[in-house]
Amino acid sequence: MALSFRAHAFSVEALVRRSAKRKVLESRDEEPSPDCRPSRRAPEAEKRPKAGAESRAGGVQVELEGSELWRRFHDIGTEMIITKAGRRMFPSVRVKVKGLEPLQQYYIAIDVVPVDSKRYRYVYHSSQWMVAGNTDHSCITPRLYIHPDSPCSGETWMRQIVSFDRVKLTNNEMDDKGHIILQSMHKYKPRVHVIAQDSRFDLAQIQSLPAEGVQTFSFQETEFTTVTAYQNQQITKLKIDRNPFAKGFRDPGRNRGVLDGLLETYPWRPTLALDFKAFGADSQG
């Protein structure tokens, strides 16, 4: 007997067919459409250079020269000596700049800012730096060191390696020689600034970063801890081996003899007992 339209709608055959049709529709919904398929990783991420090797901002590219040496120091914990008179950095910050406007005039400058708000101490038995407490950097305003060739055209900057080997670090908060003032046993990182010249201000006079036209670059390899004496012996050895100004500590010849002679004058050397009789003089005289 033929079923009515309403009875057929609720029959077992219709219910099974409806369930199968629902599964087919759900499976189609799960398939991503051509427009919604996961996109491949952006080309910029695939071509991204090694961390710290170079830095980009607004079309300007800055590459760190000597990055391999910086990495060797960074792997064991870079330390930089700071003194009252000021001490030069080794390795020094040297960069190659690309992407500047050839005819535009630029200042290139460097400053050194805290990595965090912690104070550190070196633990000798584990040969590593540990947090010793909090600190306050607000009492010291980061100084800006402007490269002596500034201002210069973009074409000229891009033809040369920009070196900041004359920068000196000091712990003298009253320093008036333009050295960069830092606190001992703290972690810092240098920053390189490319600043477009603006007729509204004279950067050489204000000695601070303007609000506009500044592009800033930093590199993870260049982070360091400030000390008044090297804590890690590996750092001491690497500095002597690679620093051309430490030749006297490596040369066993004439220069080493000069250093040994200077060391003889230090008060911790044992004093000599003179026998006046050997000179033919009376001890009472």
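Conventions used here
Residues numbered from 1 in each chain as written. Predicted model: local features only at pLDDT ≥ 70, side-chain atom pairs only at ≥ 80, totals over all residues. Heavy atoms only, no water. UniProt positions renumbered as here; feature names shortened; annotations may be inferred. Buried < 20%, exposed > 50% of the residue type's maximum accessible area, 1.4 Å probe, protein only. Helix = DSSP H or I, 4+ residues; strand = E, 2+ residues; numbered from the N terminus. Arc of directions from axis to C-beta. Salt bridge = Lys/Arg side-chain N within 4 Å of Asp/Glu carboxyl O. Polar contact = N/O pair within 3.5 Å; in protein donor to acceptor, adjacent residues only side chain to side chain. Contact = heavy atoms within 4.5 Å. Phe/Tyr/Trp six-rings, centres within 6.5 Å; stacked < 30°, edge-to-face > 60°. Lys NZ or Arg CZ within 6 Å of the ring centre and 35° of its normal. Core = buried A, V, L, I, M, F, W, Y, C linked by side-chain atoms within 4.5 Å. Pairing = 2+ DSSP bridges.

As recorded in an unreviewed UniProt entry, the chain goes by the name TBX22 factor, listed as coming from Alaudala cheleensis. The UniProt entry for the chain carries the following comment under Subcellular location (unreviewed entry): "Nucleus".

The subject of this paragraph is helix H7 (residues 233–242). Along H7, the residues classified as buried are Ile235, Leu238 and Lys239. For H7, the arc enclosing every buried residue in end-on projection is 100°, short of the 170-degree limit, so these residues lie on one face. Exposed side of H7, more than 90 degrees from the buried face: Gln233 and Lys237 are the residues found there.

Within this structure, the stated rule accounts for seven salt bridges. With its nearest N and O atoms 2.7 Å apart, the salt bridge here joins Glu68 to Arg71. Of this pair, Glu68 and Arg71 are both found in helix H4 (residues 67–76), three residues apart, which corresponds to roughly one turn of the helix. Judged by relative accessible area, which is 18%, Arg71 ranks as buried. Between Glu155 and Arg159 there is a salt bridge; the shortest N-O distance is 3.7 Å. Salt bridges here are not isolated pairs; linked through shared partners, they connect Glu68, Arg71 and Glu221.

Inspection of the secondary structure puts Gln231 in the loop between strand S16 (224–227) and H7. Within the structure, the side chain of Gln231 is placed 2.7 Å from the backbone oxygen of Ala229, a separation counted as a polar contact. Not counting residues up to four positions away in its chain, the partners in contact with Gln231 are Glu79, Tyr122, Tyr124, Trp129 and Met185.

Within a pair of aromatic rings, the relevant descriptors are the distance that separates the centres and the angle that separates the planes. What the rule picks out here adds up to five aromatic pairs. On the numbers, 5.1 Å between centres and 80° between planes, the contact of Tyr122 with Tyr124 is edge-to-face. Aromatic side chains Tyr122 and Trp129 sit 5.3 Å apart centroid to centroid with 65° between the ring planes, which places their arrangement in the edge-to-face category. With a relative accessible area of 14%, Trp129 lands in the buried category. Each residue in the set Tyr122, Tyr124 and Trp129 is aromatic and connected to the rest through ring pairs, giving one cluster. Here the basic side chain of Lys187 rests over the ring of Tyr120, its NZ or CZ set 4.6 Å away from the ring centre.

We now examine the nonpolar core. Val95 and Leu169 are the most contacted members of the largest nonpolar core, which has 30 residues in total. Mapped onto this core, the elements with two or more residues apiece are strand S2 (60–64), strand S5 (94–98), strand S6 (105–114) and strand S14 (187–196). Element by element, the count of residues in this core is highest for S6, at four residues. Excluding its chain neighbours within four sequence positions, the residues that come into contact with Leu169 are Met80, Ile81, Ile82, Thr83, Gly86, Arg87, Met89, Ile180, Leu182 and Phe224. Tyr107, Ala109, Ile195 and Phe201 belong to the second largest nonpolar core, which has seven residues in total.

With that out of the way, let us pick up the sheet that holds strand S13 (residues 180–181). Strand order across the open sheet formed by three strands is S4-S12-S13, with mixed pairing between neighbours. A strand with exactly one partner marks an edge of an open sheet, and here the two such strands are strand S4 (87–88) and S13. Pairing geometry for strand S12 (residues 168–170) and S13, over two bridges, is parallel. In the sheet register, Thr170 faces S13, and the bridge partner there is Ile181.

Another aspect to go through is the pairing of S6. Most of S6 sits out of view: eight of its ten residues are buried. Summarising the sheet, S6 and strand S10 (residues 152–153) pair through two bridges and their orientation is antiparallel. Bridging across to S10, Tyr106 finds its partner in Cys152. Both S6 and S14 contribute to a ladder of nine bridges, which runs antiparallel. Along S14, the bridge assignment pairs Tyr107 with Ile195. Here S6 pairs with strand S9 (residues 145–146) via two bridges, running antiparallel. Counted as the bridge partner of Ala109 is Ile146 from S9.

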